[in-house]
Amino acid sequence: MVDPVTSRRLAHAALYLGLVLIILFLRMLPINPVSDGFPGPDLTLALTLAWVMRRPDYLPAALIVAAFLLEDFMYWRPIGLWALIVLGGTEFLRAREESSRDLPFVLEAVLIGSVMIGMLLANRFILGLVMVEQPPLGRELLRMLATFVAYPFVVALSALAFGLRRAAPGEVDDLGRPL
């Protein structure tokens, strides 16, 4: 029999995967008649960062890599590069989760924005190093800005719709283990 903590983690992992698949499906739909307009946010990245900042135990690294590898295949990006960079960014945040529990949301947003800019620069540096054609820098910066603006809404939706919140300092799970 599966204990309640494991079943909750599996349920949230399945929910995350379902949300990623819905976002992927919606981005593949041809509903944007103006392709040169303002780029939309990377909701998968915002969702991943929000969940890692709130409850990193709900998102194992393998699930994050699988989600972004699927995106790499679907969007014809260099296979595994963005997944590796996102994994590095999420592991950086995961390592600082306990110390960032007390951060006000403004400082959390600054941390998330810094990580997103670092991920963008790492991606552009590696693509430039191997001389792969890249999208214009301005367009990529606008996409990251849109993702940064969407981040508070993703956090609010995750908290209101899915009950995802930060673990309080000293909080324990149903079996008495510290979170």
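Let us look at the structure shown here. Everything numeric in this text was worked out from a predicted model, so none of it was measured.

### Considering the packing of aromatic side chains
Between two aromatic rings, the relevant description is the distance of the centres plus the angle of the planes. Under the definition given, this model contains three aromatic pairs. When the centroid spacing of 6.0 Å and the interplanar angle of 10 degrees are considered together, the rings of Phe-105 and Tyr-151 count as stacked. Of this pair, Phe-105 sits in helix H5 (residues 105-129) while Tyr-151 is found in helix H6 (residues 137-162), placing the two residues 46 residues apart along the sequence. Look at Tyr-151 and you get buried, because its relative accessible area is 1%. The structure contains a cluster of three or more aromatic residues connected by ring pairs, namely Tyr-16, Trp-51 and Phe-162.

### Focus: the pattern of salt bridges
One pass over the full model with this rule turns up eight salt bridges. Of the charged contacts in the structure, one is a salt bridge between Asp-42 and Arg-27, with a shortest N-O distance of 3.8 Å. Taken together, the positions of Asp-42 in the loop between helix H1 (4-28) and helix H2 (43-54) and Arg-27 in helix H1 put the pair 15 residues apart, joining distant regions of the chain. On the basis of relative accessible area, Asp-42 is assigned to the buried category, the value being 4%. Classification of Arg-27 as partly exposed rests on a relative accessible area of 33%. Residues joined by salt bridges that share partners form a network here, namely Arg-9, Arg-55 and Asp-57.

Cut-off values and rules
Residues numbered from 1 in each chain as written. Predicted model: local features only at pLDDT ≥ 70, side-chain atom pairs only at ≥ 80, totals over all residues. Heavy atoms only, no water. Phe/Tyr/Trp six-rings, centres within 6.5 Å; stacked < 30°, edge-to-face > 60°. Helix = DSSP H or I, 4+ residues; strand = E, 2+ residues; numbered from the N terminus. Buried < 20%, exposed > 50% of the residue type's maximum accessible area, 1.4 Å probe, protein only. Salt bridge = Lys/Arg side-chain N within 4 Å of Asp/Glu carboxyl O.

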